[in-house]
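Each chain, letter by letter, is given below.
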Amino acid sequence: RQRREGSNEFYQAGLEDLGDTDAATADARIVADALACLHTVLPGHAFAVTIGDQAVFEAVVAALGLPTGWQRRLVRAFGQTDVLEAIIARLAKPQPVAGLSPEVERMLEAGDDDGLAGHLRDEMERTGYLTNASRAPQEIVRRLKEKRLLAGASLDSAKLDALKEFLSINVSLRYAPGVLSDFARSAALPLEVAIAGFDARVAALRDAGASLADITWRAAFGRPLDYYTGLVFEVTARGEHDVLVGGGRYDRMLTLLGAKDHIPAVGFSMWLDRIQKAKGAKR
């Protein structure tokens, strides 16, 4: 792979688990396989695993009752702390769409789509803006309504506090199911489906022999890539910062690449240069 900065390339090795519809079992197996690979190439090392869950975050965002556009923005920002914090700060208070004339505002407020489209058409003809390359007045009306809805959206203090509380969760996986259930109950959010999937994965990890004490669930941990759909994880040597293995569930990947059918997928990549460095440091 090519590094994000610079022109030099580096090697990775990876494993992909495709087609297993039992997501919890496949997730647990991929984490166990990642740890088994590391224990093989780095015997005597202790490892720490951090996991996040895109699906749980999306469920929390949906349960807060935000317009779809704001939900998409939050989901796209998952894993980008600065961007996420900026969006949350914006949601503390609505901001009107700037630059609209009083007449346009009045028609938007009244829901007079036809009248507004006619007004825009007249203005476009008057200014010479109405060409084949321009957006149709009806499309402009739709976008104005969407922008107005998003601009006027906000979360009350209780829901903002709930979102912040969720993103602050950082606990051992031993306690994570109870913490997530307590959060949903205290925030009065309907997260039953997301909790069931989360709990099933924890149980599968336990059954796979993983040490839950060595795994941390950090609710704000994610990756800003469109194809991740559930589990995300990374593994470091205990006490170190370099990520040796990173991976997760990407059920959208194969359809984005052209697959006609939905194909569940989960996997990981190993940073071979970092593993080599860790191997040398141990000697």
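Attention in this report is confined to the structure presented alongside it. No experiment lies behind these values; they were computed from the predicted model shown.

1. Quick notes on the overall build of the protein chain
- A count of helices and strands for the protein chain gives 12 helices and seven strands.
- For the protein chain, the residues scored as buried account for 41% of the 283 residues in total.
- Accessible area of the protein chain: about 15500 Å², with a carbon and sulfur share of 51%.

2. Some words on the pattern of salt bridges
- Taken as a whole and judged by the stated rule, the model has nine salt bridges.
- Among the ionic pairs, Lys277 bridges to Asp242, the shortest N-O distance being 3.8 Å. Placement of the pair is Lys277 in helix 12 (residues 272-282) and Asp242 in the loop between strand 5 (231-237) and strand 6 (243-249), with a sequence separation of 35 residues.
- Overall, Lys277 belongs to the exposed group, its relative accessible area being 57%.
- Look at Asp242 and you get partly exposed, because its relative accessible area is 35%.
- The network of salt bridges with shared partners includes Asp27, Asp53, Arg201, Arg249 and Asp251.

3. Some points on the environment of Met107
- Here Met107 shows up in helix 5 (residues 102-110).
- Through-space distance from the C-alpha of Met107 to that of Ala117 is 9.8 Å; in sequence the pair is 10 residues apart.

4. Quick notes on the nonpolar core
- Grouped together as the largest cluster of nonpolar side chains are 62 residues, with contacts concentrated most on Leu38, Phe57, Phe166, Leu173, Phe183, Trp217 and Phe233.
- Of the residues forming this core, the biggest block, eight residues, is contributed by helix 1 (residues 23-41).
- In this structure Phe166 touches Val56, Phe57, Val60, Leu180, Phe183, Trp217 and Ala219, once residues within four positions along its chain are discounted.
- Among the nonpolar cores identified, the runner-up in size contains 10 residues, and Leu116, Ala117, Ile140 and Val141 belong to it.

5. Topic: the layout of surface pockets
- Of the voids in this model, the second largest pocket is the one considered here, and its volume is about 240 Å³.
- A total of five residues in the lining of the second largest pocket trace back to one element, the largest contributor, which is helix 12.

6. Looking at unusual backbone geometry
- Residues other than glycine seldom take positive phi values, yet Ala188 does so here, at roughly 55°.
- Take Ala188: it is sitting in the loop between helix 9 (176-187) and helix 10 (192-207).

7. Things to note about the environment of Gly248
- Following the sequence through the fold, Gly248 ends up in strand 6.
- In sequence terms Gly248 and Tyr228 are 20 residues apart; their C-alpha atoms lie 7.0 Å from each other.
- With near-sequence residues (within four places) excluded, Gly248 lies in contact with Tyr228, Leu231, Val232, Phe233, Ala265, Val266 and Gly267.

8. A short note on the packing of aromatic side chains
- Taken as a whole and assessed by the stated rule, the structure comprises six aromatic pairs.
- Seen in terms of ring centroids, Phe166 and Trp217 are 6.1 Å apart; in terms of plane orientation they differ by 65°. Their pairing is edge-to-face. Placement of the pair is Phe166 in helix 8 (residues 157-167) and Trp217 in strand 4 (residues 215-218), with a sequence separation of 51 residues.
- By relative accessible area, which is 0% here, Phe166 ends up buried.
- Grouping aromatic residues by their ring pairs yields a cluster made of Phe57, Phe78, Phe166, Phe183, Phe198 and Trp217.

9. Details of the sheet that holds strand 7 (residues 265-271)
- The strand order 1-7-6-5-2-4-3 describes an open sheet built from seven strands, whose pairing is mixed. Each edge of the open sheet carries a strand with a single partner, namely strand 1 (12-18) and strand 3 (170-172). Sheet twist, expressed as the average angle between the axes of neighbouring strands with direction ignored, equals 20°.
- One ladder, built from five bridges, connects strand 6 with strand 7; its direction is antiparallel. The residue of strand 7 that forms the bridge with Gly248 is Gly267.

10. Side note on the environment of Leu191
- Relative to the assigned elements, Leu191 resides in the loop between helix 9 and helix 10.
- For the pair Leu191 and Leu180, spaced 11 residues apart in sequence, the C-alpha to C-alpha distance is 9.1 Å.
- Those residues in contact with Leu191 that sit more than four places away from it in its chain are Ala59, Val60, Ala63, Phe183 and Ala184.

The rules behind these values
Residues numbered from 1 in each chain as written. Predicted model: local features only at pLDDT ≥ 70, side-chain atom pairs only at ≥ 80, totals over all residues. Heavy atoms only, no water. Helix = DSSP H or I, 4+ residues; strand = E, 2+ residues; numbered from the N terminus. Buried < 20%, exposed > 50% of the residue type's maximum accessible area, 1.4 Å probe, protein only. Areas by Shrake-Rupley, 256 points an atom, 1.4 Å probe, with all protein chains shown as cover. Salt bridge = Lys/Arg side-chain N within 4 Å of Asp/Glu carboxyl O. Core = buried A, V, L, I, M, F, W, Y, C linked by side-chain atoms within 4.5 Å. Contact = heavy atoms within 4.5 Å. 1 Å grid on protein atoms, 1.4 Å probe; cavity = no way out; pocket = protein on both sides within 12 Å on 5 of 7 lines; lining within 4 Å. Points joined across faces, edges and corners; volume = space filled by probe spheres on them. Phe/Tyr/Trp six-rings, centres within 6.5 Å; stacked < 30°, edge-to-face > 60°. Pairing = 2+ DSSP bridges. Axes fitted to C-alpha atoms, helices over the stretch in contact; angles between N-to-C directions.

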